[in-house]
Amino acid sequence: MAEAIQQLILDTLDKEGTIKDTRTLVLPGYKEPAATHDSQIIILGALNSLSSRDMITYTTQETVSHVLTQEGAQIALQGSHEARVWNACPMKGEGPPLPIKELQGKVGPETAKIGQGQAFKNKWIGKEGDGLVKLVSSIADTTQLQMREVDSTGTLKAGEKALADLRKRKLIAQRKGQWFTVHKGPQFSTSTAKPETDLTVDMLTSGSWKTATYKKYNFEAAGIPPNGGALHPLLKVREEIRNIFFEMGFAEMPTNTFIESGFWCFDALFVPQQHPAREVQDTFYISDPVESLPPPKAYYERVAKVHEHGDYGSTGYRAPWSHDESRKLLLRTHTTASSANMLWKLAARCRGEEGEADAEGVVQREGAHATATVPGAGKMGPDGFRPAKLFSIDRVFRNETMDATHLAEFHQVEGVVADRGLTLADLIGFMRVFFRKMGIENIRFKPAYNPYTEPSLEIFAFHPQLKKWVEVGNSGMFRPEMLEPMGFPKDVHVHGWGISLERPTMIRYGINNIRTLVGHKVSLESVERSPAVRF
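On a predicted model such as this, the values are computed, not experimentally measured, just so you know. (Residues numbered from 1 in each chain as written. Predicted model: local features only at pLDDT ≥ 70, side-chain atom pairs only at ≥ 80, totals over all residues. Heavy atoms only, no water.)

Student: So what exactly am I meant to see when it comes to the overall build of the chain here?
Tutor: Along the chain, the regular secondary structure elements total 18 helices and 17 strands. Viewed in the frame of its principal axes, the chain has a C-alpha envelope of about 110 × 90 × 40 Å. The proportion of buried residues among the 535 residues of the chain is 42%. In the chain, the share of contacts with a sequence separation of at least 24, taken over all contacts with a separation of at least 6, comes to 67%. (Helix = DSSP H or I, 4+ residues; strand = E, 2+ residues; numbered from the N terminus. Buried < 20%, exposed > 50% of the residue type's maximum accessible area, 1.4 Å probe, protein only. Contact = heavy atoms within 4.5 Å.)

Student: Where do I start with the sheet that holds strand S4 (residues 125–128) in this structure?
Tutor: Through backbone hydrogen bonds, the strands of a sheet pair up, either in parallel or in antiparallel fashion. Pairing is antiparallel in the open sheet, where 3 strands are placed in the order S3-S5-S4. Looking at the sheet topology across the chains shown, the edges are occupied by strand S3 (98–99) and S4. (Pairing = 2+ DSSP bridges.)

Student: Where do I start with the sheet that holds strand S17 (residues 492–500) in this structure?
Tutor: Within the open sheet, the 7 strands sit side by side as S7-S12-S13-S17-S16-S15-S14. Their pairing is mixed. In this open sheet, the two strands that pair with only one neighbour each are strand S7 (251–252) and strand S14 (443–450). Sheet topology note: the strand S12 (residues 388–397)/strand S13 (residues 409–420) ladder contains 10 bridges and is antiparallel. Looking at the pairing, Leu-390 lines up with Val-416 of S13. Taken strand by strand, helix H14 (residues 336–346) contacts S12, S13, strand S16 (468–478) and S17, and its axis lies near 25 degrees from that of S13. Docked against the sheet, helix H17 (residues 502–509) engages S13, strand S15 (453–463), S16 and S17, running at close to 45 degrees with respect to S17. (Axes fitted to C-alpha atoms, helices over the stretch in contact; angles between N-to-C directions.)

Student: I'm lost on the pairing of S4 in this one. Help?
Tutor: As paired elements, S4 and strand S5 (residues 131–134) share 4 bridges and run antiparallel to each other. Of the residues in S5, the one forming a bridge with Glu-128 is Gly-131. The hairpin turn running from S4 into S5, its antiparallel successor, is 2 residues long, and Gly-129 in that turn takes a positive phi close to 70 degrees.

Student: Help me out: how do you make sense of the pattern of salt bridges in this one?
Tutor: Two side chains with opposite charge may pair up if their charged atoms get near one another. Inspection of the entire model under this criterion finds 15 salt bridges. A salt bridge links Arg-167 to Glu-160, with the nearest nitrogen and oxygen atoms 2.5 Å apart. Note on Arg-167: relative accessible area 24%, which makes it partly exposed. Residue class for Glu-160 comes out partly exposed when judged on its relative accessible area of 46%. Glu-409 is paired through a salt bridge with Arg-395; the nearest N and O atoms lie 3.0 Å apart. Linking Glu-409 in strand S13 with Arg-395 in strand S12, this pair joins segments that are 14 residues apart in sequence. Taking the relative accessible area as the measure of exposure, Arg-395 reaches 32% and is therefore partly exposed. (Salt bridge = Lys/Arg side-chain N within 4 Å of Asp/Glu carboxyl O.)

Student: Would you take a moment to explain the packing of helix H10 (residues 233–247) against H17 for this structure?
Tutor: The geometry of a pair of packed helices is captured by two quantities: the angle between their axes and the separation between those axes. Relative to each other, H10 and H17 sit at 110 degrees, their axes nearing to 9 Å. In this view, H10 runs roughly perpendicular relative to H17, as classed from their interaxial angle. In this structure, H10 contributes Pro-233, Leu-234, Lys-236 and Val-237 to the contact, and H17 contributes Glu-502, Thr-505 and Tyr-509. (Parallel < 35°, antiparallel > 145°, perpendicular 65-115°, else oblique.)

Student: Explain the pairing of S15 here, please?
Tutor: Moving residue by residue along a regular strand, the side chains alternate between the two faces of the sheet. The buried fraction of S15 is high, at 8 of 11 residues. The pairing of S14 with S15 spans 7 bridges and is classified as antiparallel. Bridge pairing links Ile-443 to Ala-461 in S15.

Student: What exactly am I supposed to notice about the packing of helix H4 (residues 81–88) against helix H6 (residues 109–121) here?
Tutor: Between H4 and H6, the shortest axis-to-axis distance is 7 Å and the interhelical angle comes to 85 degrees. By the angle between their directions, the pair H4 and H6 is classed as roughly perpendicular. Here H4 contributes His-81, Glu-82, Arg-84 and Val-85 to the contact with H6, which in turn contributes Thr-111, Ala-112, Ile-114, Gly-115, Gln-116, Gln-118 and Ala-119.

And the structure:
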């Protein structure tokens, strides 16, 4: 169709020299001239294509016409509202008047409402008792005639005042149109063969490039603006939280072990092997390989003993210990598994095991995990212990039902502080400072239960938009049953806490469905336009 129209334009120019008005063209497949708006849009596409090859030049002439609205089209077909009301009423003296309540049933509520007043104004109908009657035997439905005139010509002979009245009544709408005057261009030809845009290997081999016609290169054309990279809102909030940790003297833990063993994810944290969190309904287990490499033997035996029989002042869980349960591989349910591994490495000197310490306080140890390092460790005491402040922000996995606020994969922000003589008051004070740096001033704490912390606290913050307290994190002091098997002295205590990364991000960016923050429903445009975040 496009090439046929181009050929029509070229043939007409070749015959007549110019096309004064494209509305006189008869398009292929049509019998009437192309006088409609849609026909001129089709012609414009052909003109642009020919103009880009300098085969023609054209000028645009703008027109203003009118089209019927949906209501106007109905009037053109069925008559005006007032005419329909007049048709429904009996002639005066020829029958009982039409009750006003029955008028809606005959012509509809809208026609009855609009047409009744206009019919009274035109003195077509009158009131007789509680009903309506015709006052004249015939009428001229001017509105219907006007609608039909506009539909066929796009305007009215009555002039602009009549058109303005119909526009005010929303019976017609103004539409801008255009038509074109066309002249021959410098590269005019009656052939529509497109010029070459690329020089190919085949053209060079055959020699056809010598006689080919090439499209003129437009050096003035604007190039496609390159799209720069954009950080996802989660990464922006993550970086802001990282900076808070660094500002407070923390070091970042390595957390690249998405797959953990049941031992490091649960047993080392003093989570009983019968705990519901270890069921397949809550945890993703790996089917191949089935089990992990063996953990450090001496430490494994100490952990198994404190679980099954008790030790370090604890009675343990008094439940049978399963080696198979401990060796299962799984997608980690929390980054505390990595924290436990780092704390075990931190306690290497306390256990009297071979190791080295460099000038920056990084502990290195040869063993089951090759070279073990703990960043950010402080000055070592006589018993080999170094205080440490560590944090991590990384992905964890839970076998949860996905909805607007839950996914099977999310990010956990975790921090641990290990030092001598730490108390619950220190933990509460620290959490107040940490959340204040995140812009959360009003927080409170509630006692809670965690298998590996005692005491444990849930952290709540007052949400000013929701005007209620919402849970923002969990915290506590790691139990002796977890720390002492690692080799820490009895006076060493460890604070631990965790929050999600997604929740503060959703609050900051006003997102109420987590699936529009993470996953296939995320809008790339929203990622590119998301502002930087400052707590």
